[in-house]
Amino acid sequence: MSTMKHQSLNVARHPGADAHSFSARKFTGSQSLWLDEIYGNGTPARHPLFGADKADVCVVGAGFTGLWTAIDLKRRDPAVEVVVLEADRCGSGPSGQSAGVVGTYMPKLSTLVQRLGTERALWLARESAAVRGWLGTFCAEHGIDADFTQHGWLWTASSKAQLRAWDETVKYAASLGEEPFLELDTEEIQARTGSPIHLAGIIDPQGARVQPAALVDGMARVAEGLGVRIYEHSEVRGIDTDRGRVTTAQGAVDADTVVLATGAFSRVPALRRGFVTTTSDLVATAPIPEELDASGYRECIAIDNSRLSMTGIVRTTGGRVVFGSAGAALGYQSRPTAPFNRAEFDRMMKALPAFVPGAAGAPITHAWSGMIDKSVDGLPSFGQLPGRTKVLYAVGFSGNGVGPCVLAGRMLGAMALGVDDEWAECGRLMKGTSVYPPEPFRSIGGSVVRAAVIRSENRKDLGLKVGTPTRIAASLAATSSWLPAGE
Ligand SMILES: Cc1cc2nc3c(=O)[nH]c(=O)nc-3n(C[C@H](O)[C@H](O)[C@H](O)COP(=O)(O)OP(=O)(O)OC[C@H]3O[C@@H](n4cnc5c(N)ncnc54)[C@H](O)[C@@H]3O)c2cc1C
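Just so you know, these numbers come straight off a predicted model, no measurement behind them.

Caption draft 1: Representation of the side chain of S325 within the structure. The topology assignment puts S325 in strand β18 (residues 321-330). Within the local environment of S325, its side chain forms a polar contact with the side chain of E344, the two groups lying 2.8 Å apart. One polar contact links S325 to R347, side chain to side chain, over a distance of 3.2 Å. If sequence neighbours within four positions are ignored, S325 has contacts with S280, D281, M310, E344, R347 and M348.

Right under this line is the structure:
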């Protein structure tokens, strides 16, 4: 008898999905700018699954991971029958809420080497770097208007305490023959960002960004063009791993293989210890291209500073600024975390003019929050759940999923079809073995550490001393959700 019989999967309503108040009395945030641009005009949803369907592979979740997997499966074998079940709309989770920066594995190379060994890690990191150009071509070939730009990714120090935070990463990559970053002098950084807050930094000139919900929307259409059947508003309630049956409220799909691509919403007990749910909060300004141009922030460079509780900035082609920071909330038992709150919004509003002087006083049109599935070492885990039916999963992208999910789709596609190639091999080896402590230590301890990191970094940025209890608590932090600072 399978222990996974009627495996229960739950999905929570996405934080801040349908509320629109920035008032001090009733702050509720809004939908993400990107999802608003795609779905705000009332585009009808795909119909839910009613009754029975049958497939070779049933993908659960239509974010980047699920849809790249579906596309990869059809490209490898056009005859394979693929069904995608999505609880909400395609991309309505973190994929359509993200900042859209197409990150690579280069900043995480040393951790990747620990997982895969040097040769395979280098191969995968190079593939992740190649994703940027590949994505641009994918969008162009399929007529997807996802505002893809490739003007570079800047990793900066916005305080003296952050200076040279990238040194170890750059040196390590160079020791393996990789030199993806260029050092910029202070004058050039300040001129290109339009902000004197950046004291130093390095640039990956190939860095890219997208409108992530537009990309997901385009991917869904490409997948359907290849013959994939996508059902929206079809939350999976259970998987019978003996019969290979995936059940929703109004229907069921019989499949030989199931791919769980449910990201931070993954509720399978076997996966829960491998990640914690944290938040990331973003605000978007109204279009202010003239002001940004006048300040010097003319290109769509994506910018991140070197804090563990990172501050990130992107400029869209239309001249909006999307400004984000890591939230302090941590979900109990990796459940959805508390949404964006007024205090965090106020803190970000205070910081915005220093990071983007051109956006000082600009109207804020959107403020939203999304969940990050943070693994112990900051890399995703792949694997197969026990049971008679092949149930594959990928979880723990740790805030760096826009680019890496392309690779995840290739790995899951190969693993689902039982192909013996380098993607399947990497997927098998990308099994994270580290787990977080059990509850309640995980969420209580994690919240204390996370709050200490933020407090410590705030004080260091101001040149103030950090008290001993805060310093000790902050030193317990796991690696960053994105940058390897603290490794
Ligand atoms: C605010 C924010 C900013 C970010 N910025 C960046 C960035 O700039 N660059 C970057 O690389 N990464 C960024 N990330 C991380 C990135 O968005 C994620 O790593 C990536 O989108 C994960 O994709 P996914 O497909 O694995 O998961 P998701 O996007 O979470 O997709 C999972 C899907 O599964 C569905 N689902 C869940 N449960 C069920 C169920 N039971 N039945 C059916 N469907 C279900 C959900 O509705 C969802 O659509 C950011 C994340 C957030 C929250």
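Read on, since the account is not over.
Caption draft 2: Representation of the site of the ligand in the model. Inspection of the region around the ligand gives 38 residues, with T65, E86, S95, V101 and V402 positioned closest. In this structure, P94 approaches the ligand through a main-chain N or O atom, which is 3.2 Å from an oxygen atom. Within the contact set of the ligand, a nitrogen atom lies 2.7 Å away from a backbone nitrogen or oxygen of V101. Calculation on the ligand without its partners gives an accessible area of 1000 Å², and the protein chains cover 98% of this total. For the shell around the ligand, the secondary structure elements donating two or more residues are α2 (64-76), α3 (94-97), β15 (275-285) and β19 (364-375). A per-class count over the shell around the ligand returns 19 nonpolar, 17 polar and 2 charged.

Caption draft 3: The pairing of strand β7 (residues 153-157), seen in detail. Counting buried residues in β7 gives 5 out of 5 residues, a clear majority hidden from the surface. Of the two faces of β7, the one carrying W153, W155 and A157 and the one carrying L154 and T156 are both buried. Taken together, the 5 bridges between β7 and strand β9 (residues 200-204) define a ladder with antiparallel strand orientation. Residue L154 lies in a different strand from β9, and its bridge partner there is I203. Note that β7 and strand β16 (residues 302-304) share 3 bridges and pair parallel. Looking at the pairing, W155 lines up with D304 of β16.

Caption draft 4: A look at helix α11 (residues 342-355). With 14 residues, α11 extends 20 Å between its outermost C-alpha atoms, agreeing within 8% with the 20 Å of an ideal straight helix rising 1.5 Å per residue. By the burial criterion, the buried members of α11 are E344, F345, M348, L352 and F355.

Caption draft 5: Highlighting the confidence of the model for the protein. Summarising the model, the protein shows a mean pLDDT of 88, and 90% of its residues fall at 70 or more. Per-residue pLDDT stays below 50 along residues 1-20; that stretch engages in 59 contacts with residues further than four places along the chain or on separate chains. Ignoring residues within four places in sequence, the model shows residues 479-487, a span with pLDDT below 50, making 36 contacts including any to other chains.

Caption draft 6: The layout of surface pockets, seen in detail. Each pocket or cavity is described by its volume, and for the largest pocket that value is around 520 Å³. In terms of lining residues, the largest pocket is bounded by 25 residues, among which R307, R347, A351, F355 and N458 are the most central. Where the lining of the largest pocket is concerned, the elements lending two or more residues are β18, α11 and α14 (441-461). With 7 residues, the top contributor of residues to the lining of the largest pocket is α11.

How each quantity is defined
Residues numbered from 1 in each chain as written. Predicted model: local features only at pLDDT ≥ 70, side-chain atom pairs only at ≥ 80, totals over all residues. Heavy atoms only, no water. Helix = DSSP H or I, 4+ residues; strand = E, 2+ residues; numbered from the N terminus. Polar contact = N/O pair within 3.5 Å; in protein donor to acceptor, adjacent residues only side chain to side chain. Contact = heavy atoms within 4.5 Å. Near = heavy atom within 4 Å. Areas by Shrake-Rupley, 256 points an atom, 1.4 Å probe, with all protein chains shown as cover. Nonpolar A, V, L, I, M, F, W, Y, C, P; charged D, E, K, R; others polar. Buried < 20%, exposed > 50% of the residue type's maximum accessible area, 1.4 Å probe, protein only. Pairing = 2+ DSSP bridges. Expected span 1.5 Å × (residues − 1). pLDDT = per-residue confidence, 0-100. 1 Å grid on protein atoms, 1.4 Å probe; cavity = no way out; pocket = protein on both sides within 12 Å on 5 of 7 lines; lining within 4 Å. Points joined across faces, edges and corners; volume = space filled by probe spheres on them.

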